[in-house]
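# Overview (structure and organization)
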Amino acid sequence: MDKLICTKNQSSQSPLISLSTTSEEEVEDFCKRCHESELPENEYIFTFGYGNRKNYDLFLAYLQNYDIKYVIDVRKNPRAWTRRWYGDKIEEFCFSQNIEYISKIDLGNTSGTPKWIPPNQKKAKAALREVAEITKQGTVLLLCAEMNPEKCHRVNVAEKLAKLVRLPVKHLP
(Lines give C-alpha, C1' and ligand atoms only; values in the text may rest on other atoms or scores of the structure.)
Protein backbone atom coordinates (compact mmCIF):
# COMPACT_ATOMS: atom_id res chain seq x y z
CA MET A 1 0.00 0.00 0.00
CA ASP A 2 1.34 3.44 -0.87
CA LYS A 3 -0.30 6.05 1.30
CA LEU A 4 -3.82 6.69 2.58
CA ILE A 5 -5.15 10.09 3.48
CA CYS A 6 -8.02 10.50 5.91
CA THR A 7 -9.71 13.70 7.01
CA LYS A 8 -12.51 14.07 9.52
CA ASN A 9 -14.24 16.69 7.41
CA GLN A 10 -13.12 18.78 4.51
CA SER A 11 -13.75 22.12 6.25
CA SER A 12 -11.65 21.21 9.28
CA GLN A 13 -8.48 23.12 10.03
CA SER A 14 -6.98 19.81 11.24
CA PRO A 15 -4.06 18.42 9.28
CA LEU A 16 -4.50 15.45 7.00
CA ILE A 17 -3.76 12.06 8.47
CA SER A 18 -1.22 10.05 6.56
CA LEU A 19 -1.18 6.34 7.30
CA SER A 20 1.40 4.21 5.59
CA THR A 21 1.56 0.92 7.49
CA THR A 22 -2.00 0.36 8.66
CA SER A 23 -4.22 -1.91 6.57
CA GLU A 24 -6.45 -0.19 4.03
CA GLU A 25 -9.58 -1.83 5.50
CA GLU A 26 -8.70 -0.60 9.01
CA VAL A 27 -8.27 2.96 7.80
CA GLU A 28 -11.45 2.94 5.67
CA ASP A 29 -13.43 1.63 8.63
CA PHE A 30 -11.93 4.32 10.86
CA CYS A 31 -12.77 7.10 8.39
CA LYS A 32 -16.34 5.84 8.02
CA ARG A 33 -16.84 5.82 11.81
CA CYS A 34 -15.21 9.22 12.07
CA HIS A 35 -17.67 10.76 9.59
CA GLU A 36 -20.66 9.10 11.30
CA SER A 37 -19.98 10.65 14.72
CA GLU A 38 -23.18 11.94 16.30
CA LEU A 39 -21.57 14.43 18.67
CA PRO A 40 -18.65 16.78 18.13
CA GLU A 41 -15.45 14.92 18.95
CA ASN A 42 -14.73 17.01 22.03
CA GLU A 43 -17.94 15.84 23.67
CA TYR A 44 -16.71 12.33 24.44
CA ILE A 45 -14.34 10.53 26.73
CA PHE A 46 -12.28 8.29 24.44
CA THR A 47 -10.56 5.04 25.32
CA PHE A 48 -7.95 3.13 23.34
CA GLY A 49 -6.01 -0.08 23.88
CA TYR A 50 -2.85 -0.49 21.83
CA GLY A 51 -2.82 -4.31 22.06
CA ASN A 52 -0.28 -5.86 19.74
CA ARG A 53 0.04 -2.85 17.42
CA LYS A 54 3.59 -2.41 16.23
CA ASN A 55 3.38 1.29 15.35
CA TYR A 56 1.55 4.50 16.21
CA ASP A 57 -0.33 4.91 12.90
CA LEU A 58 -3.89 4.26 14.09
CA PHE A 59 -3.18 5.87 17.48
CA LEU A 60 -2.01 9.01 15.66
CA ALA A 61 -5.07 9.01 13.42
CA TYR A 62 -7.32 8.89 16.47
CA LEU A 63 -5.36 11.60 18.28
CA GLN A 64 -5.57 13.95 15.31
CA ASN A 65 -9.08 13.22 14.08
CA TYR A 66 -10.65 13.47 17.51
CA ASP A 67 -8.50 16.45 18.53
CA ILE A 68 -7.21 14.68 21.64
CA LYS A 69 -5.41 17.09 23.99
CA TYR A 70 -4.60 14.66 26.83
CA VAL A 71 -3.60 10.98 26.79
CA ILE A 72 -4.26 9.55 30.23
CA ASP A 73 -2.38 6.28 30.73
CA VAL A 74 -4.42 4.11 33.13
CA ARG A 75 -1.93 1.25 33.38
CA LYS A 76 -0.64 0.31 36.83
CA ASN A 77 2.78 -0.23 35.24
CA PRO A 78 3.30 1.90 32.11
CA ARG A 79 5.38 -0.75 30.36
CA ALA A 80 4.71 -3.09 27.46
CA TRP A 81 6.12 -6.00 25.46
CA THR A 82 7.77 -3.44 23.20
CA ARG A 83 9.53 -0.22 24.21
CA ARG A 84 7.30 1.75 21.83
CA TRP A 85 4.41 1.47 24.30
CA TYR A 86 6.40 2.29 27.45
CA GLY A 87 5.10 5.41 29.16
CA ASP A 88 8.22 7.47 28.46
CA LYS A 89 8.09 6.63 24.73
CA ILE A 90 4.38 7.46 24.49
CA GLU A 91 5.10 10.69 26.33
CA GLU A 92 7.81 11.60 23.77
CA PHE A 93 5.46 10.75 20.91
CA CYS A 94 2.59 12.77 22.41
CA PHE A 95 4.91 15.72 23.05
CA SER A 96 5.91 15.65 19.36
CA GLN A 97 2.20 15.96 18.51
CA ASN A 98 1.58 18.77 21.04
CA ILE A 99 -0.51 16.42 23.21
CA GLU A 100 -0.01 16.03 26.94
CA TYR A 101 0.68 12.53 28.24
CA ILE A 102 -0.27 11.87 31.87
CA SER A 103 0.38 8.59 33.66
CA LYS A 104 -2.22 7.82 36.31
CA ILE A 105 -0.95 4.61 37.91
CA ASP A 106 -3.57 5.03 40.65
CA LEU A 107 -6.17 4.22 37.98
CA GLY A 108 -4.39 0.95 37.21
CA ASN A 109 -5.87 -2.47 37.83
CA THR A 110 -4.74 -5.13 40.29
CA SER A 111 -7.40 -7.73 39.51
CA GLY A 112 -5.93 -9.25 36.33
CA THR A 113 -9.48 -9.18 34.90
CA PRO A 114 -11.67 -6.48 33.33
CA LYS A 115 -13.14 -5.80 36.78
CA TRP A 116 -11.37 -2.69 38.01
CA ILE A 117 -9.72 -3.03 41.41
CA PRO A 118 -7.35 -0.08 41.83
CA PRO A 119 -4.16 -0.35 43.89
CA ASN A 120 -5.62 2.12 46.42
CA GLN A 121 -9.31 3.17 46.44
CA LYS A 122 -8.69 6.59 48.01
CA LYS A 123 -5.91 7.47 45.54
CA ALA A 124 -8.04 6.18 42.64
CA LYS A 125 -10.92 8.50 43.60
CA ALA A 126 -8.52 11.43 43.80
CA ALA A 127 -7.00 10.52 40.42
CA LEU A 128 -10.50 10.33 38.87
CA ARG A 129 -11.29 13.80 40.19
CA GLU A 130 -8.02 15.09 38.71
CA VAL A 131 -8.86 13.58 35.31
CA ALA A 132 -12.37 15.05 35.56
CA GLU A 133 -10.77 18.49 35.92
CA ILE A 134 -8.53 17.79 32.92
CA THR A 135 -11.60 17.03 30.76
CA LYS A 136 -12.66 20.65 31.25
CA GLN A 137 -9.46 21.75 29.49
CA GLY A 138 -9.64 19.49 26.44
CA THR A 139 -10.52 16.11 25.00
CA VAL A 140 -9.07 13.11 26.82
CA LEU A 141 -8.21 9.60 25.74
CA LEU A 142 -7.78 6.87 28.36
CA LEU A 143 -4.99 4.54 27.25
CA CYS A 144 -4.40 0.95 28.31
CA ALA A 145 -2.76 -2.17 26.91
CA GLU A 146 -5.74 -4.43 26.19
CA MET A 147 -7.02 -3.86 22.65
CA ASN A 148 -10.51 -5.23 23.34
CA PRO A 149 -12.40 -2.85 25.63
CA GLU A 150 -14.62 -5.71 26.85
CA LYS A 151 -11.53 -7.31 28.38
CA CYS A 152 -10.10 -4.14 29.91
CA HIS A 153 -10.60 -2.22 33.14
CA ARG A 154 -10.48 1.10 31.26
CA VAL A 155 -14.20 0.59 30.57
CA ASN A 156 -14.91 0.77 34.31
CA VAL A 157 -12.58 3.76 34.71
CA ALA A 158 -14.28 5.53 31.79
CA GLU A 159 -17.76 4.81 33.22
CA LYS A 160 -16.81 6.31 36.60
CA LEU A 161 -15.28 9.34 34.86
CA ALA A 162 -18.36 9.72 32.64
CA LYS A 163 -20.56 9.97 35.73
CA LEU A 164 -18.35 12.74 37.13
CA VAL A 165 -18.23 14.84 33.95
CA ARG A 166 -21.50 13.82 32.27
CA LEU A 167 -19.92 12.92 28.95
CA PRO A 168 -20.52 9.78 26.90
CA VAL A 169 -17.71 7.29 26.35
CA LYS A 170 -16.41 6.17 22.96
CA HIS A 171 -14.18 3.09 22.89
CA LEU A 172 -11.87 3.25 19.88
CA PRO A 173 -10.98 -0.13 18.35
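All values reported here derive from a predicted model rather than from experimental measurement.

A few words on the overall build of the chain. Within the chain, the regular secondary structure consists of five helices and seven strands. Expressed as a percentage of its 173 residues, the buried residues of the chain come to 46%. Sequence separation of 24 or more characterises 71% of the internal contacts of the chain that already satisfy a separation of 6 or more. Approximately 9500 Å² of the chain is accessible, and the part contributed by carbon and sulfur atoms is 47%.

Within a pair of aromatic rings, the relevant descriptors are the distance that separates the centres and the angle that separates the planes. Within the structure shown, the criterion is met by 11 aromatic pairs. Between the aromatic rings of Phe-48 and Phe-59, the centroid separation amounts to 5.4 Å while the plane-to-plane angle is 20°, which identifies the pairing as stacked. Here Phe-59 lies in helix 2 (residues 57–65) and Phe-48 lies in strand 3 (residues 45–49), a separation of 11 residues in the sequence.

By the definition in use, this model includes zero disulfides. You can see Cys-144 has no disulfide; the closest cysteine sulfur is in Cys-152, sitting 3.6 Å from it. Taking relative accessible area as the criterion, Cys-144 reaches 7% and is therefore assigned buried.

Attention now goes to the confidence of the model for the chain. Residues at a pLDDT of 70 or more form 75% of the chain, whose mean pLDDT is 82. Contacts of residues 1–21 to residues separated by more than four positions or lying in other chains number 43 contacts, the stretch itself having pLDDT below 50.

Turning to the pattern of salt bridges, a few remarks are in order. Inspection of the entire model under this criterion finds four salt bridges. Ionic pairing is found between Arg-75 and Asp-73, a salt bridge with its closest N-O pair at 2.6 Å. Assigned by exposure class, Arg-75 and Asp-73 land together as buried. Salt-bridge contacts for Lys-104 lead to Glu-130; the nearest nitrogen and oxygen are separated by 2.2 Å. Of this pair, Lys-104 sits in the loop between strand 5 (100–103) and helix 4 (121–135) while Glu-130 sits in helix 4, placing them 26 residues apart in sequence. Judged by relative accessible area, Glu-130 falls into the partly exposed class, the value being 41%.

The subject of this paragraph is the sheet that holds strand 5. Taking strand neighbours across the sheet as the criterion, the five strands line up as 5-4-6-3-7 in an open arrangement whose pairing is parallel. The sheet is open, and its two borders are formed by strand 5 and strand 7 (169–172), each paired with just one other strand. Averaged over neighbouring strand pairs, the angle between their axes works out to 25° when direction is ignored. Relative to strand 6 (residues 139–144), strand 3 is paired through four bridges, and the arrangement is parallel. Within the sheet, the bridge partner assigned to Phe-46 lies in strand 6 and is Leu-141. Together, strand 4 (68–73), strand 5 and strand 6 form the strand contacts of helix 3 (residues 87–96), whose direction differs from that of strand 5 by roughly 160°. Helix-sheet contacts for helix 4 involve strand 4, strand 5 and strand 6, and the interaxial angle to strand 4 is about 170°.

A few words now on helix 3. Within the span of helix 3, buried status applies to Gly-87, Ile-90, Phe-93 and Cys-94. Buried residues along helix 3 cover an arc of 125° about the axis, so they all sit on one side. Exposed positions of helix 3 whose direction lies more than 90 degrees from the buried face are Phe-95 and Ser-96. The inward-facing, buried residues of helix 3 contact helix 2, strand 4, strand 5 and strand 6. Phi turns positive one or two residues past the end of helix 3, at Asn-98, with a value near 60°.

Conventions and cut-offs
Residues numbered from 1 in each chain as written. Predicted model: local features only at pLDDT ≥ 70, side-chain atom pairs only at ≥ 80, totals over all residues. Heavy atoms only, no water. Helix = DSSP H or I, 4+ residues; strand = E, 2+ residues; numbered from the N terminus. Buried < 20%, exposed > 50% of the residue type's maximum accessible area, 1.4 Å probe, protein only. Contact = heavy atoms within 4.5 Å. Areas by Shrake-Rupley, 256 points an atom, 1.4 Å probe, with all protein chains shown as cover. Phe/Tyr/Trp six-rings, centres within 6.5 Å; stacked < 30°, edge-to-face > 60°. Disulfide = S-S within 2.5 Å. pLDDT = per-residue confidence, 0-100. Salt bridge = Lys/Arg side-chain N within 4 Å of Asp/Glu carboxyl O. Pairing = 2+ DSSP bridges. Axes fitted to C-alpha atoms, helices over the stretch in contact; angles between N-to-C directions. Arc of directions from axis to C-beta.

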